[in-house]
Amino acid sequence: MCIEPTTALLIASAASSAMNFQQQKQQAKYRYAAQVRQNTLARENAIQRAAAETLKIRQITKQKQEKGYFAALKAKRARATYISEAGAAGLALSGSTNALLANFYRQEGNYKASLQRNMNVNISQYRRNLEAIQFGQKAQSTYTQQPNAPLLFASNALNVANTYYGMEYQKELMGMKSQRQKTLESNEFKQKYFNSEYI
């Protein structure tokens, strides 16, 4: 049995499109898996960085609290020493001696206020770092697109149809009869020469 060259070409085109469909489908699956993996890595990286920033701010907070606690102890000792020495020297806590005592409170208050300002700066920086981490995760993440097998199949089917109709058009341009023309002539012949009862 002999196959027409155009039929053979159409079969080859269909087989090629089928293989192309399978390959594109597999590539789409791999691409989707890579996108999901990229997003997972970006999320894990953001979680790690946020945990590190949180640990850092906790350590700084604890350090500032300890500094404030030890500064308060030091100030209490200094005031107690001053009061006991002033009392031992027979000085009453009034006037200039009271002003010196107030100076201890002022220094302690200034130190604690300085610690609080520094802590506020650190907290503000922590918040900016968390925002940067979230932005970094968004920047590292990709849009995911699941494989669309029906669309790939339709595209490859249209390629086969395009090949077929392209060959038919080439036949018409070269003066050869296309499959459509052959079918029309065959139907006309059957209607003209054969009884419609037997068809």
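S.K.: An account of a nonpolar patch on the surface is requested, with residue identities and associated values reported.
M.R.: Residues Tyr169, Leu173, Met174 and Met176 make up a contiguous nonpolar surface patch of about 460 Å² in total accessible area. Secondary-structure assignment places methionine 174 in the loop between α3 (149–173) and α4 (179–193).

S.K.: Would you mind going over α3 in detail, with residue names and values included?
M.R.: With 25 residues, α3 ought to run about 36 Å at 1.5 Å a step, and its terminal C-alpha atoms sit 36 Å apart, in line with that. Taken as a whole, α3 has its buried residues at Leu152, Asn156, Val160, Met167, Glu168 and Lys171. One or two residues past the end of α3 sits glycine 175, with phi positive at roughly 85°.

S.K.: Mind laying out the confidence of the model for the chain, listing which residues take part and the relevant values?
M.R.: Here the chain shows a mean pLDDT of 85. Residues at 70 or above account for 95%. α4 is the least confidently modelled element of the chain, averaging 78 in pLDDT, while helix α2 (residues 96–140) averages 90, the highest of any element.

S.K.: Can you tell me about the pattern of salt bridges, naming the residues and giving the values?
M.R.: Within this structure, the stated rule accounts for 2 salt bridges. Between arginine 79 and glutamate 108 there is a salt bridge, with its nearest N and O atoms 2.7 Å apart. With arginine 79 in helix α1 (residues 5–88) and glutamate 108 in helix α2, this residue pair connects regions lying 29 residues apart in the sequence. Like arginine 79, the residue glutamate 108 is buried in the burial classification. For glutamate 108, a relative accessible area of 13% corresponds to the buried category. Residues participating in the shared-partner salt-bridge network are Arg79, Glu108 and Lys112.

Parameters and conventions
- Residues numbered from 1 in each chain as written.
- Predicted model: local features only at pLDDT ≥ 70, side-chain atom pairs only at ≥ 80, totals over all residues.
- Heavy atoms only, no water.
- Patch = residues over 30% accessible without salt bridge, like charges linked within 9 Å, V, L, I, M, F, W, Y side chains within 5 Å.
- Areas by Shrake-Rupley, 256 points an atom, 1.4 Å probe, with all protein chains shown as cover.
- Salt bridge = Lys/Arg side-chain N within 4 Å of Asp/Glu carboxyl O.
- Helix = DSSP H or I, 4+ residues; strand = E, 2+ residues; numbered from the N terminus.
- Expected span 1.5 Å × (residues − 1).
- Buried < 20%, exposed > 50% of the residue type's maximum accessible area, 1.4 Å probe, protein only.
- pLDDT = per-residue confidence, 0-100.

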